[in-house]
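# Descriptive structure summary
Now for the letters of each chain:
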Amino acid sequence: MSDATEFGRKASGIKALRAACAVLALTVACAAPAAAQFTTRQGIVSGAVQEIRIEGTQRIAPETVRSYVAIQPGDTLDGENLDKALKALFGTGLFADVTLRQEGNALVVRVVENPIVNRIAFEGNSRIKDETLTPEMGLKPRTVFTRAKIQADVKRLQDIYRRTGRFAATVEPKIIELPQNRVDVVYEIEEGAITGIQRINFVGNKEFADGSLREQIQTRESRWWRFLSNDDVYDPDRLSYDRELLRKYYLSYGYADFRVVSAIAELSPDRAGFNVTFTLDEGERYRFGKIEVISQIRDLKAEDLMRQVTASEGSWYNADKVEGSVNALTDFANSKGFGFADVRPRVTRDRDGRTIAIVFEVQEGPRVYVERVNIVGNVRTIDKVIRREMQLVEGDALNNAKIRRSRERIRALGYFERVDITNAPGDAPDKSVVNVEVQEKSTGEVSFGVGYSSADGPLLDTSIRERNLLGRGQDIRLGGTLSGRRQQIDFSFTQPYFLDREMAAGIDIFRLQRDYQREAGYDYRTTGAIPRLTYPIAEYLSQEVRYTIRNDEVTNVDAGASNIVKDAAGNVVLSGFGHTTTYDRRDDRQDPTDGYYLRLTNDVAGAGGDAKFLRSGVSAGFYYPIIPEYVIALTGEVGYIFGLSDDRVRLQHRYFLGGDNLRGFRTQGVGPRDQTTGNALGGNKFYTSTAELQFPTGLPKEFGLRGALFSDVGSLWSIDRTKPGSASYNSVIQDSSGVRASVGAGLMWRSPFGPIRVSLARALMKEEFDRTELFRFQFGSRF
């Protein structure tokens with residue numbers, strides 16, 4: 001590095017060019033190449049030049065230089081053609097210096113060639129690797145070195161670091177001169193710290209507090225707990241998105257004139273962070289005025305269409321309801337066979353009365369067909385995986401409802417961070433191109449967890465999963481759990497669109513050992529496999545069929561256990577078929593806030609094996625957001641199992657209730673119980689229902705912490721008597737179908753280390769032999 005010379009000191013080209021050059025009778029006054037001027041002074045010998053002589057070339061052929069000069073023997077020298085020649089030579093970027101002089105009847109062109117780049121290196125870059133920076137450089141090895149290129153590269157490096165939030169990064173280029181007119185270029189980088197958001201301010205907001213508005217935007221203030229997020233890093237694109245989020249928020253509350261006057265990010269003097277200021281103009285709040293529907297389609301009656309409108313006259317204006325009404329009207333028209341229906345809301349604003357009247361015009365739109373479907377942004381996922389979720393293919397009528405449904409289906413895959421579907425004009429007026437743009441996200445998961453639960457005690461959990469194996473949409477998982485009362489290992493694999501049909505085939509293989517000594521005086525082991533096939537029956541309606549083969553074992557029976565438990569000791573092979581039919585309209589299967597589902601399950605054991613029974617169950621759930629972020633959840637389930645022929649339902653196949661499925665009661669705390677030993681025996685019939693209100697805690701959303709108030713109701717009863725003569729035949733069983741009920745409150749946290757739920761519940765209705773608990777804690781961290 002001792003031979004390095006800074007670019008600011010390297011002035012041989014420009015400074016020499018600005019120096020005056022006078023040879024014989026010709027004087028050329030030279031300025032910078034971009035503004036070269038030539039003046040013929042007194043004493044010039046006029047006449048035609050007879051020879052063009054080139055000097056100083058090393059790599060470049062003299063004929064190449066002559067071609068740029070464009071002065072031929074016989075031409076007369078003057079300021080204009082010399083100016084053009086000098087500009088042309090510097091414009092090539094091949095030369096660091098050019099001198100023109102006259103010797104007799106010859107024009108001598110002396111050039112100093114720019115050096116060749118031998119190597120490009122980076123120093124000080126630890127956050128962004130060379131492999132990322134090198135392709136962004138304009139200068140490449142074995143190309144001509146120029147000042148303009150290196151200045152552009154410095155700016156490009158600074159832009160790269162700014163995109164990662166490092167606005168304090170500095171880049172200083174160094175040049176190492178080598179023999180044979182070659183140079184090494186070294187960029188010395190000081191990356192600096194990430195430039196976060198110190199403060200987010202709002203100016204002009206009267207109706208909503210700053211804290212409420214901060215919750216609506218994606219940009220966040222830098223805090224220590226946001227170490228797993230980059231939302232607190234300044235991003236100009238995110239700031240533009242925040243403007244749109246604020247607009248949508250105000251429009252949903254009736255502020256139709258709202259606008260963001262400006263969104264300014266100012267870097268603090270110490271370059272440690274940004275202060276972001278949104279200047280708002282809220283405007284007046286409006287109500288819905290008169291709402292009408294006009295149908296230009298003869299077979300669609302306005303009164304039928306009006307029932308699809310979600311907005312109501314006199315309520316506060318809400319742009320989301322207008323958009324929802326347009327979508328509902330379009331879907332209704334499509335369902336009646338009008339695939340080209342066009343719904344346009346005509347808005348009339350009364351500023352004096354502060355009302356907005358809306359007329360929804362439903363008319364036959366132009367007949368447009370899908371010319372082709374383009375898919376971009378999928379680097380790993382193959383096109384086929386995305387295309388098979390599309391409800392539109394080439395040649396179909398363009399249908400906005402199907403486009404929305406396609407977007408929902410692609411998002412539901414869980415492979416993409418973002419899914420956008422737009423349409424553009426095709427090659428003909430009646431053709432449209434559907435563009436699907438996706439942004440992939442990580443689908444692989446490797447986890448190791450430690451935790452604690454009231455049911456299992458301290459636990460270790462590890463798993464590896466890939467939800468998009470080889471970009472083909474296959475799901476494979478291997479997991480294991482070890483705790484004081486439960487040991488489990490399981491493997492699953494799912495192949496979607498099995499045999500290129502809309503059905504998913506898979507298999508689950510498992511081994512589980514569970515300690516029920518505290519509840520019933522025995523240990524339980526099961527090992528088995530479940531091949532399964534899932535397919536859609538209709539939109540939102542699907543069915544799974546499966547075959548189960550497993551070995552159930554009741555072992556380590558305590559000497560003081562119930563005789564009924566002792567009778568169940570040993571192995572039982574279960575072989576049977578089952579199905580589950582599900583109708584699901586929830587907005588999110590993992591964390592629903594709106595919609596409902598219905599599920600019917602049946603299992604028949606007896607296709608070989610030792611057990612013969614029929615088990616049926618029905619479950620349902622309904623979710624409704626009463627106001628933003630406040631969700632009512634109503635769920636319920638009922639089940640019944642009975643033996644076939646003379647077979648009785650064994651202990652290991654019965655239902656058990658309490659703990660997670662009936663809070664306020666211990667695990668297996670409800671249901672038939674041996675009066676003498678107190679062991680839980682399970683039951684053949686049960687039901688549960690839950691009413692729960694989920695609400696925010698007032699902490700920042702990214703905490704993922706929500707509260708809940710709940711009430712659980714349920715019961716478990718009925719048990720098959722063993723055969724006369726068995727040791728357990730005369731056992732006294734406590735059994736009741738009476739209602740059990742509890743109320744309580746809880747906290748739910750979707751932490752970066754796994755889900756945590758804490759519940760406090762009190763049993764209000766119970767039987768004297770039930771086992772209750774007040775506190776339940778579930779924790780499973782992942783990191």
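This text goes with the structure placed above it.
Residues numbered from 1 in each chain as written. Predicted model: local features only at pLDDT ≥ 70, side-chain atom pairs only at ≥ 80, totals over all residues. Heavy atoms only, no water.

### Thoughts on the overall build of the protein chain
A tally of regular secondary structure across the protein chain gives 13 helices and 36 strands. When each of the 783 residues of the protein chain is scored for burial, the buried share is 43%. Of the roughly 40,100 Å² of accessible surface on the protein chain, 51% is carried by carbon and sulfur atoms. (Helix = DSSP H or I, 4+ residues; strand = E, 2+ residues; numbered from the N terminus. Buried < 20%, exposed > 50% of the residue type's maximum accessible area, 1.4 Å probe, protein only. Areas by Shrake-Rupley, 256 points an atom, 1.4 Å probe, with all protein chains shown as cover.)

### Quick notes on helix H7 (residues 236-251)
Helical periodicity: at 3.6 residues per turn, an α-helix aligns residues three or four positions apart in one direction. Between the first and last C-alpha of H7 there are 23 Å, a value that for 16 residues agrees with the 22 Å anticipated at 1.5 Å per step. Listing the buried residues of H7 in full gives Arg238, Leu239, Asp242, Leu245, Leu246, Tyr249, Tyr250 and Leu251. Buried residues along H7 sit in contact with strand S10 (196-203), helix H6 (210-216), strand S11 (259-267), strand S12 (273-281) and helix H9 (319-335). One side-chain oxygen of the residue at the start of H7 lies 3.0 Å from the amide nitrogen of aspartate 237, identifying that residue as aspartate 235. (Expected span 1.5 Å × (residues − 1). Contact = heavy atoms within 4.5 Å. Polar contact = N/O pair within 3.5 Å; in protein donor to acceptor, adjacent residues only side chain to side chain.)

### Some words on the sheet that holds strand S18 (residues 431-440)
Spatially, S16-S18-S17 is the arrangement adopted by the three strands of the open sheet, whose pairing is mixed. Each edge of the open sheet is held by one strand with a lone partner, namely strand S16 (369-376) and strand S17 (416-425). With strand direction ignored, the average angle separating the axes of adjacent strands in the sheet is 15 degrees. In the sheet, S17 pairs with S18 via nine bridges, with the strands oriented antiparallel. Residue pairing in the sheet places proline 425 in a bridge with serine 432 of S18. Here helix H11 (residues 400-412) sits on the sheet and contacts S17 and S18; the angle it forms with S17, its principal contact strand, is near 155 degrees. (Pairing = 2+ DSSP bridges. Axes fitted to C-alpha atoms, helices over the stretch in contact; angles between N-to-C directions.)

### Describing the sheet that holds S10
Across the sheet, which stays open at both edges, the three strands sit in the order S10-S12-S11 with mixed pairing between neighbours. Taken across any chain shown, the strands that pair with only one partner, and hence form the sheet edges, are S10 and S11. Pairs of neighbouring strands in the sheet enclose a mean axial angle of 15 degrees, with direction left out of account. With seven bridges joining them, S10 and S12 adopt parallel strand pairing. Looking at the pairing, valine 203 lines up with threonine 279 of S12.

### Thoughts on empty space enclosed by the protein
The final tally for this structure, using the stated rule, is one cavity of 30 Å³ or more. The volume enclosed by the largest cavity comes to roughly 40 Å³. Every residue along the wall of the largest cavity is listed here: Gly659, Arg663, Gly664, Ser759, Leu760, Ala761, Glu773, Leu774, Phe775 and Arg776. Only strand S35 (754-765) and strand S36 (775-780) provide two or more residues apiece to the lining of the largest cavity. Of the residues forming the lining of the largest cavity, the biggest block, three residues, is contributed by S35. Tallied by class, residues from the lining of the largest cavity come to four nonpolar, three polar and three charged. (1 Å grid on protein atoms, 1.4 Å probe; cavity = no way out; pocket = protein on both sides within 12 Å on 5 of 7 lines; lining within 4 Å. Points joined across faces, edges and corners; volume = space filled by probe spheres on them. Nonpolar A, V, L, I, M, F, W, Y, C, P; charged D, E, K, R; others polar.)

### Some details on the nonpolar core
Formed by 23 residues in total, the largest nonpolar core has its most connected members in Leu300, Tyr317 and Phe360. Taken together, the elements giving at least two residues each to this core come down to strand S13 (287-295), H9, strand S14 (341-350) and strand S15 (355-364). For tyrosine 317, the contacting residues outside a window of four places in its chain are Leu251, Ser252, Tyr253, Gly254, Ala256, Tyr286, Arg287, Phe288, Val322, Ile356 and Ile358. One finds Ile128, Leu157, Ile175 and Tyr187 within the second-largest nonpolar core, a separate group that totals 20 residues. (Core = buried A, V, L, I, M, F, W, Y, C linked by side-chain atoms within 4.5 Å.)

### Let's talk about the packing of aromatic side chains
A full pass over the atoms with the stated rule returns 22 aromatic pairs. Considering the side-chain rings of tyrosine 640 and phenylalanine 642, the 5.3 Å spacing of their centres and the 35 degrees angle between planes classify their relative orientation as tilted. Overall, the relative accessible area of 30% leaves phenylalanine 642 in the partly exposed class. Among the aromatic residues, those joined into a ring-pair cluster are Phe208, Tyr249, Tyr250, Tyr253, Tyr255 and Phe258. Taking the ring centre of tryptophan 316 as reference, the NZ or CZ of arginine 285 above it sits at 3.8 Å. (Phe/Tyr/Trp six-rings, centres within 6.5 Å; stacked < 30°, edge-to-face > 60°. Lys NZ or Arg CZ within 6 Å of the ring centre and 35° of its normal.)

### Concerning the side chain of threonine 195
Mapping threonine 195 onto the fold places it in the loop between strand S9 (182-190) and S10. Within the structure, threonine 195 has its side chain in polar contact with the backbone nitrogen of phenylalanine 167 (distance 3.0 Å). Beyond its immediate chain neighbours, meaning those up to four positions away, threonine 195 contacts Gly165, Arg166, Phe167, Ala168, Val233, Tyr234, Leu267, Arg271, Ala272, Gly273 and Phe274.

### Some words on the pairing of S12
For a regular strand, the rule is simple: side chains alternate between the two faces of the sheet. Across eight bridges, S11 lies against S12 in antiparallel orientation. Each residue of the ladder has a partner; that of valine 260, found in S12, is leucine 280. The hairpin turn running from S11 into S12, its antiparallel successor, is five residues long, and arginine 271 in that turn takes a positive phi close to 60 degrees.

### Regarding the layout of surface pockets
There is about 1,100 Å³ of room inside the second largest pocket. Taken together, 37 residues line the second largest pocket, and the ones lying closest to its centre are Tyr516, Arg654, Tyr655, Phe656 and Asn661. Those elements that provide at least two residues to the lining of the second largest pocket are strand S22 (486-495), strand S23 (504-515), strand S24 (523-538), strand S27 (595-609), strand S28 (613-627) and strand S29 (630-643). Per-element tally for the lining of the second largest pocket: the top contributor is S28, with five residues. Among the residues forming the lining of the second largest pocket, the class breakdown is 13 nonpolar, 14 polar and 10 charged.

### Topic: the packing of helix H2 (residues 62-69) against helix H3 (residues 79-91)
For the pair H2 and H3, the least separation of the axes is 8 Å and the interaxial angle reads 130 degrees. Judged by the inter-axis angle, H2 sits oblique to H3. Note on element contacts: H3 touches H2 through Ala85, Ala88 and Leu89, opposite Val65, Tyr68 and Val69. Per-class residue counts for the contact of H2 with H3 are six nonpolar, no polar and no charged. (Parallel < 35°, antiparallel > 145°, perpendicular 65-115°, else oblique.)

### Quick word on unusual backbone geometry
Not every positive phi belongs to a glycine, and tyrosine 540 is a case in point at roughly 75 degrees. With respect to the element layout, tyrosine 540 can be found in the loop between S24 and strand S25 (541-555). Residue tyrosine 540 is classed as partly exposed on the basis of its relative accessible area of 26%. In the Ramachandran plot, asparagine 556 falls in the positive-phi region, its phi being about 50 degrees despite a non-glycine side chain. Mapped onto the fold, asparagine 556 is located in the loop between S25 and helix H13 (563-567).

### Description of H11
An ideal rise of 1.5 Å per residue puts 18 Å on 13 residues; H11 measures up with 18 Å between its terminal C-alpha atoms. Every buried residue of H11 is accounted for by Ala401, Ile403, Arg404, Arg405, Ser406, Arg407, Arg409 and Ile410. Packed against the buried residues of H11 are H9, helix H10 (383-387), S17 and S18. Sitting at the head of H11, asparagine 399 places a side-chain oxygen 3.1 Å from the backbone nitrogen of lysine 402. Looking one or two residues past H11, glycine 414 carries a phi angle of roughly 80 degrees, positive in sign.

### Details of the pattern of salt bridges
Oppositely charged side chains are able to pair whenever their charged atoms sit close together. Tallied over the full model, the rule gives 53 salt bridges. Aspartate 500 is paired through a salt bridge with lysine 384; the nearest N and O atoms lie 2.8 Å apart. On the criterion of sequence distance, the pair formed by aspartate 500 in the loop between S22 and S23 and lysine 384 in helix H10 is long-range, its members being 116 residues apart. (Salt bridge = Lys/Arg side-chain N within 4 Å of Asp/Glu carboxyl O.)

### What to know about a nonpolar patch on the surface
On the surface, a cluster of nonpolar side chains totalling about 650 Å² of accessible area is made up of Tyr596, Leu598, Phe622, Tyr624, Ile626, Ile627 and Leu634. For the nonpolar patch, the secondary-structure elements that each account for two or more residues are S27 and S28. No other element matches the four residues that S28 contributes to the nonpolar patch. With respect to the helices and strands, isoleucine 627 occurs in strand S28. (Patch = residues over 30% accessible without salt bridge, like charges linked within 9 Å, V, L, I, M, F, W, Y side chains within 5 Å.)

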